[in-house]
Amino acid sequence: CQINEIAGQLEDAPQGSNLRTWTDVRSKSFLRLCRAVNARLDRESDLTKESRKAQKELKYTISAVSHDIRTPLTGASGYLQLLEQSEINEKERQYVQIVKQRLDDVEQLLDELFLYTKLCNETYEPECAPMEVFPVLCESLAGFYEAFEKKGTYPELDFEQESLRAVVSADCLKRIFRNLINNAIIHGTGDLKIIQTGERLIFINHLTDNETDIDEERLFERFYRHDPARHHGGTGLGLTIVRELMEKMGGKVKAEINGKKIKIILTFKK
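This part covers the overall build of the protein. For the protein, the helix and strand inventory stands at seven helices and seven strands. When its helices and strands are written in sequence order, the protein yields α-α-α-β-α-α-β-β-α-β-β-α-β-β. Here the contacts in the protein between residues at least 6 apart in sequence split such that 61% fall between residues at least 24 apart. Total accessible area on the protein is roughly 17200 Å²; 50% of this is exposed by carbon and sulfur atoms.

Here we take up the environment of Gln-97. Tracing the sequence through the fold places Gln-97 in helix H3 (residues 90–119). For Gln-97, a relative accessible area of 39% translates into the label partly exposed. Taking the C-alpha atoms as reference points, Gln-97 and Leu-80, separated by 17 residues in sequence, lie 8.8 Å from one another.

Time to look at the packing of aromatic side chains. Under the criterion given, the structure shown has three aromatic pairs. With a centroid separation of 4.8 Å and 70 degrees between ring planes, the pair formed by Phe-134 and Phe-159 is classed as edge-to-face. Taken as a pair, Phe-134 in helix H4 (residues 133–142) and Phe-159 in strand E2 (residues 156–159) lie far apart in primary sequence, 25 residues in all. Take Phe-134: its relative accessible area is 16%, and that puts it in the buried class. Exposure remark for Phe-159: the relative accessible area of 13% places this residue in the buried category. Their ring planes at 35 degrees and their centres at 6.0 Å tell us that Phe-177 and Phe-203 sit as a pair that is tilted. Residue Phe-177 is located in helix H6 (residues 170–187), and its partner Phe-203 is located in strand E5 (residues 200–206); the two are separated by 26 residues in the primary sequence. Residue classification places Phe-177 among the buried residues on the basis of a relative accessible area of 0%.

Quick look at the pattern of salt bridges now. Oppositely charged side chains can form a pair if their charged atoms are brought close together. Going through the model one piece at a time under the given rule, you end up with five salt bridges. Two residues, Glu-139 and Lys-174, come together in a salt bridge whose shortest N-O distance is 3.9 Å. One end of the pair, Glu-139, is in helix H4; the other, Lys-174, is in helix H6, with 35 residues separating them in the sequence. The class of Lys-174 is partly exposed, set by a relative accessible area of 24%. As a salt-bridge pair, Lys-193 and Glu-156 come within 3.9 Å of each other at their nearest N and O atoms. You can see Lys-193 sitting in strand E4 (residues 193–197) and its partner Glu-156 sitting in strand E2, a full 37 residues away along the chain. Judged by its relative accessible area of 43%, Glu-156 falls in the partly exposed class.

Turning to H6, a few remarks are in order. The periodicity of an α-helix, 3.6 residues per turn, causes residues three or four positions apart to be oriented the same way. Its 18 residues place the ends of H6 26 Å apart at the C-alpha level, agreeing with the 26 Å of an ideal helix rising 1.5 Å per residue. For H6, the full list of buried residues reads Cys-172, Leu-173, Arg-175, Ile-176, Phe-177, Asn-179, Leu-180, Ile-181, Ala-184 and Ile-185.

When you line up the elements, Ser-140 lands in helix H4. Residue Ser-140 is classed as buried on the basis of its relative accessible area of 7%.

The next point concerns the packing of H4 against H6. Running from amino to carboxyl end, H4 crosses H6 at an angle of 45 degrees, the nearest separation of the two axes being 9 Å. Overall, the two elements H4 and H6 adopt an arrangement that is oblique. Two packed elements cross with a definite hand, and for H4 against H6 that hand is right-handed. Residues Val-133, Val-136, Leu-137, Glu-139, Ser-140 and Leu-141 of H4 touch H6, and the partners they reach there are Leu-173, Lys-174, Phe-177 and Ile-181.

Take the sheet that holds E2 next. Strand order in this open sheet of five strands is E2-E4-E5-E7-E6, and the pairing throughout is mixed. For this open sheet the edge positions go to E2 and strand E6 (252–258), each flanked by a neighbour on one side alone. Strand-to-strand twist in this sheet, taken as the mean axis angle between neighbours without regard to direction, amounts to 15 degrees. Where E6 meets strand E7 (residues 261–267), seven bridges bridge the pair, whose relative direction is antiparallel. Residue pairing for E7: Ala-255 is matched across the bridge by Ile-264. Along the sheet, H4 makes contact with E2, E4 and E5, crossing E2 at roughly 180 degrees.

The rules behind these values
- Residues numbered from 1 in each chain as written.
- Predicted model: local features only at pLDDT ≥ 70, side-chain atom pairs only at ≥ 80, totals over all residues.
- Heavy atoms only, no water.
- Helix = DSSP H or I, 4+ residues; strand = E, 2+ residues; numbered from the N terminus.
- Contact = heavy atoms within 4.5 Å.
- Areas by Shrake-Rupley, 256 points an atom, 1.4 Å probe, with all protein chains shown as cover.
- Buried < 20%, exposed > 50% of the residue type's maximum accessible area, 1.4 Å probe, protein only.
- Phe/Tyr/Trp six-rings, centres within 6.5 Å; stacked < 30°, edge-to-face > 60°.
- Salt bridge = Lys/Arg side-chain N within 4 Å of Asp/Glu carboxyl O.
- Expected span 1.5 Å × (residues − 1).
- Axes fitted to C-alpha atoms, helices over the stretch in contact; angles between N-to-C directions.
- Parallel < 35°, antiparallel > 145°, perpendicular 65-115°, else oblique.
- Left-handed = near helix turned anticlockwise from the far one by under 90°.
- Pairing = 2+ DSSP bridges.

Okay, here's the thing in structure tokens:
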């Protein structure tokens, strides 16, 4: 009976609690059992505290490093603008454009790392309000016009209700759309179809021959790459950020892969 009570104490205790087991039976065996259980609980509590402290320090370090790196990046971009305005030949101008693109890539990586650490904070809640989804999507697609043009294709929209409204954060929604569009361009053949039905938006595109072995169960894991030897300059956080933002806004996201076709399905909070 006493053993059942101790088991009940452990089962009912919430995670991270300062529970200590106790017994009315004063035999040496029961007292030893309680001391052993309490010692184990103390060790687990200390490990949890250390883990939380380490995570907090890591988030702070990433945020600080992102800020420190951004300052010289801004300076380098300024010098590049001055160089573009000077008298340089066509070959040198091409080199300037390459360097400029690399700086833009680094800045994007920093943005993703900074946003991810922000999303990992349990207290972070985006400010949401009812707004139309279609205009935000069109604005996001317009930013990728040149990328689609290089692929020789253009996105196809199929909205049954262009006036669809969802309770979202405009900034979060833009980030979600940008990440999904960019993902389709980088890992796909360039085709992209976006279908709206009810509270769902479905992003559909075909994968390249090198991208067909993706594990859809792990697709939203942070830093997941199906082939670590191949990368496209990203952090591996794009889809993870999509998932975190959708969940922060009360929605959800899932992926379906059928052969070379991938679907990313967003479901907004009603």
